[in-house]
Every structure is written in C-alpha cells, then in structure tokens.
Amino acid sequence: MPSRIAGTGSYLPARVLTNAELAARVGSSDEWIRTRTGICQRHIAADAETTSDLAVHAARRALDAAGIAPADVDLIIVATTTPDMIFPSTACIVQAKLGAAGGPAFDVQAVCSGFVYALTIADRMVADGLARNALVIGAEIYSRILDWNDRGTCVLFGDGAGAVVLVPSDTPGVLATKLHADGSHRDILCVPGQVHNGRVTGTPFLHMDGGAVFKFAVKVLADVAEESLAACHMDASAIDWLIPHQANIRIMDATAKRLGLGAERVIVTVDRHGNTSAASIPLALDTAVRDGRIQRGQHVMLLGVGGGFTWGSVFLRWL
Ligand code: UT7
C-alpha cells in the first residue's frame, strides 16, 4: 500500500547563537557568514540535552499533528550522525522515552542525507505492510562534534530535530524516492576519530573540504531531483516546493536554478537554523507545513546530500 505523511513536528533548543556572538569568538564576521552561507543564527543544545531528547520533542509534535498516540507507533527510524551513545541506537532510546515499545527501532547513518534515506526505508516498510504508524526522525547535536576554534566549520552548523509520521494511504503521498552513495569521496566531509581500547584515536571533530563539498552538492542535487521526477513522468515545473538540505543558501539557489525554479519556490530555514544535518529537511518541512505554505495537492521535492558521500530525493504529493 502507498504511504503518506500524516503529521510533522520539529524542535529547536532554546539557546540561540547569533553570528555576531560567534564571530567575536572565532575571528569571523556576521557579514562573512551571511554572504557565504545565508546563515544568521543557529540553535545550540543545553549541556543536559541529548539527541534523543530533541527527537522526542519533535516526535510528540508530529504524533499530535497526525492524531496518533505514541503507543500506536510500530516503527521508529532516527537519522542521526550524533547519537546519544555508541549503542543502543537513539531510536531505541526515543522508543523508551515515548512509551512506544514493541515495533522495530533503529538508526540510519547517512549524515545530512539521513532523513531522505530513513523516509525511503519507512515508505517501503509501510508499503510492504511491515508498519502502519511509522515515526521518521532526523535529530542532531552537531555542536558537540565541532572544533569551536575552526572558523571554517563551526559557523556552519546548528542543533535541532524534525519528525514525520508515515501511514498507509489509498492515494500515494510518497511518489518516488532515489538514493545514492559514492564512498570514494568519504574524506571531504568526515569525523575521522574512533573509540579504540577505551580511548578516542584520531580527531573527534568534524573535518571538511568546503569547496569540494560545495561543488559535489551542486552537481548531484538537481540530478537526483530529475531522477525522482522522471520516475513519475513529470518535470521540474511540477514542483510546488523545493526543500533541499539546508547547508548553504548558495548551494540551494544553484540547485533551484539548475531545475529552473524561482527562489520563491524554495523553503529556506538555513538562515535561522544553520545546517542541522539530518534534521534540516524535516525542520524545514514542518516550518512550511505549519506556516501554511504547503497545501494539500501540492508537490514537494526533498533533496538530501551529505558525508559519505550520500545523496537522494523524495518526491511527495501533500495529502
Ligand atoms: O552538509 C554539507 C555541509 N557542508 C557544506 O555545506 C559546506 C559547503 N561549502 C561551503 O559552504 C563553503 O565552501 C564555505 C562557506 C565553507 C566556505 O566558503 P568559500 O567561499 O568556499 O570560502 P573559502 O573556503 O574559499 O575561504 C575564503 C576565505 C579564506 O581566507 P583566504 O585564504 O582567502 O585568506 C578562509 O580562511 O575565507 C576565510 N574563512 C573565513 N573568514 C571569515 C573561512 N571561514 C571563515 C569565517 N570567517 N568563518
């Protein structure tokens, strides 16, 4: 049976870190950050907050919007690169906090493409009758894997979570999905550290070749959107709302331009959220659903790209 999104939710930690405040610390400027990235501020989790806490807030809001009780959730997938711990999965921790025991719960690690990967898996599981009330969450606390002395990376990221509830539907809501990865580019965006005999070896901080990431993202995002459109025998003019991964406004603008879409059709939250990795797409989706921009019957294209390298698209009809 096809699936559709029945509700969305999101959560941002209370603490807002503005460019001005950050720039003074790292030798940057509000002007540099805004013009190069489109970012004006980001949210930072409190010391006591965990990724699963952020995820649970977003999940509860999505469940409320869908009118589904936590006890009726029968699948939880959390896309995250910043799990609470090495194991168990953040999804199992979320399941316990929600009181939704019984169904499968697992994490997906596809970095900033994690949400489109997770949504694709959930769609197939609903389609195969393996789940009826699936919770798909993107949640991240990147502030804990950043080197706050590296102005080339620490200004880019933020913390947050977004969630959707996926249910079976007579009419398809998820129209097409396409996923890709190319591990030969694994070094241009990574956290290469590992836990080894009780110690962290290698660097536990995010490392990025910003220019290489930029070029790669612009190249693949429009192509993978075209792949999902082709599967539906549609072209880019069918897209009412484009929700690319919120990494950098220049990457988003370039992608929209390659698809022939005006800036007015792109949902932008990177200015307020920064890059929240796997959380960025569901955060932007929830923002545009709740402010009324996304309307029933419209077509929405979600585009993810991130470390690995991974990339993918999910094309939706909003029902
Ligand atoms: O989820 C995917 C995550 N990653 C991304 O989306 C990143 C994609 N890449 C980018 O967004 C851009 O490459 C950046 C925003 C990271 C960098 O922009 P850029 O236009 O490629 O700048 P650049 O790296 O070529 O650096 C230009 C200059 C350098 O100084 P010099 O060598 O020209 O003197 C940097 O040292 O800007 C300097 N710089 C900064 N200056 C002020 C780098 N970071 C900063 C900073 N503030 N925060």
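As the structure is a computational prediction, the values presented were derived from the model and not from experiment.

So, on to the sheet that holds strand β8 (residues 174-181). Sheet architecture is open: four strands sit in the order β8-β15-β14-β13, paired in mixed fashion. Either end of the sheet is taken by a strand with one partner, and the two such strands are β8 and β13 (241-244). The mean angle between the axes of side-by-side strands here comes to 10°, regardless of whether they run parallel or antiparallel. For β13 and strand β14 (residues 299-306), the ladder comprises four bridges, and the chain directions are parallel. When the bridges of β14 are listed, Trp 241 appears paired with Val 300. Here helix α5 (residues 114-127) sits on the sheet and contacts β8, β14 and β15 (310-317); the angle it forms with β8, its principal contact strand, is near 130°.

A few words now on the site of the ligand. In the region of the ligand, 20 residues are neighbours, and Ser 28, Arg 36, Arg 151, His 245 and Asn 248 sit closest. Contacts to the ligand include Arg 36, whose side-chain N or O atom sits 2.7 Å from an oxygen atom. Contacts to the ligand include Arg 250, whose side-chain N or O atom sits 3.4 Å from an oxygen atom. Starting from 950 Å² of accessible surface for the ligand in isolation, the protein chains cover 67%. If you list the elements that add at least two residues to the shell around the ligand, you get α2 (30-37), α6 (151-154), α7 (210-231) and α8 (249-258).

What follows is about the domain arrangement of the protein chain. Here the protein chain is partitioned into domain 1 (3-168) and domain 2 (174-317). Of note, the centres of domain 1 and domain 2, computed from C-alpha atoms alone, are 14 Å apart. With 52 residues of domain 1 at the interface, the matching set in domain 2 holds 43 residues. Between domain 1 and domain 2, roughly 3500 Å² of surface is buried when both sides are summed, and carbon and sulfur atoms account for 65% of that area. The tally of links between domain 1 and domain 2 comes to zero salt bridges.

Taken together, the side chains of Ile 86, Phe 87, Val 195 and Val 200 make up a nonpolar region of the molecular surface, amounting to roughly 490 Å² of accessible area. With relative accessibility at 69%, the residue Phe 87 sits in the exposed group.

Turning our eyes to something else, we now look at the nonpolar core. Residues Ile 239, Leu 242 and Met 301 are the most contacted members of the largest nonpolar core, which totals 48 residues. Looking at this core, the elements with two or more residues in it are α1 (19-26), α7, α8, β14 and β15. In terms of residue count, α7 provides more of this core than any other element does, 10 residues in total. Two domains each put at least three residues into this core: domain 1 (3-168) and domain 2 (174-317). When sequence neighbours within four positions are dropped, the list of residues in contact with Ile 239 reads Leu 229, Leu 261, Arg 265, His 299, Met 301 and Phe 315. Counting 34 residues, the second-largest nonpolar core is a separate cluster that includes Ala 118, Trp 241, Ala 278 and Val 314.

Right, let's talk about the sheet that holds strand β7 (residues 159-168) for a bit. A sheet is described by the order of its strands in space; here five strands give the open sequence β1-β7-β6-β4-β5, paired in mixed fashion. Taken across any chain shown, the strands that pair with only one partner, and hence form the sheet edges, are β1 (3-11) and β5 (105-108). Averaged over all adjacent pairs, the angle separating strand axes in this sheet is 20°, with direction ignored. Summarising the sheet, β1 and β7 pair through eight bridges and their orientation is antiparallel. Each bridged residue has a counterpart across the sheet, and for Tyr 11 the counterpart in β7 is Ala 161.

Another point: the packing of aromatic side chains. Applying the stated rule across the entire model yields three aromatic pairs. On the numbers, 5.1 Å between centres and 25° between planes, the contact of Tyr 142 with Phe 157 is stacked. With Tyr 142 in the loop between β6 (134-141) and α6 and Phe 157 in the loop between α6 and β7, the pair connects residues that are 15 residues apart, well separated along the chain. In this structure Phe 157 comes out as buried when scored by relative accessible area, which is 3%. Where Phe 216 meets Phe 309, the ring centres are 4.8 Å apart and the plane angle is 55°; that geometry is what we call tilted.

Reading guide: rules and limits
- Residues numbered from 1 in each chain as written.
- Predicted model: local features only at pLDDT ≥ 70, side-chain atom pairs only at ≥ 80, totals over all residues.
- Heavy atoms only, no water.
- Pairing = 2+ DSSP bridges.
- Helix = DSSP H or I, 4+ residues; strand = E, 2+ residues; numbered from the N terminus.
- Axes fitted to C-alpha atoms, helices over the stretch in contact; angles between N-to-C directions.
- Contact = heavy atoms within 4.5 Å.
- Near = heavy atom within 4 Å.
- Polar contact = N/O pair within 3.5 Å; in protein donor to acceptor, adjacent residues only side chain to side chain.
- Areas by Shrake-Rupley, 256 points an atom, 1.4 Å probe, with all protein chains shown as cover.
- Domains from an automatic or database assignment.
- Buried area = accessible area lost by both parts, 1.4 Å probe.
- Salt bridge = Lys/Arg side-chain N within 4 Å of Asp/Glu carboxyl O.
- Patch = residues over 30% accessible without salt bridge, like charges linked within 9 Å, V, L, I, M, F, W, Y side chains within 5 Å.
- Buried < 20%, exposed > 50% of the residue type's maximum accessible area, 1.4 Å probe, protein only.
- Core = buried A, V, L, I, M, F, W, Y, C linked by side-chain atoms within 4.5 Å.
- Phe/Tyr/Trp six-rings, centres within 6.5 Å; stacked < 30°, edge-to-face > 60°.

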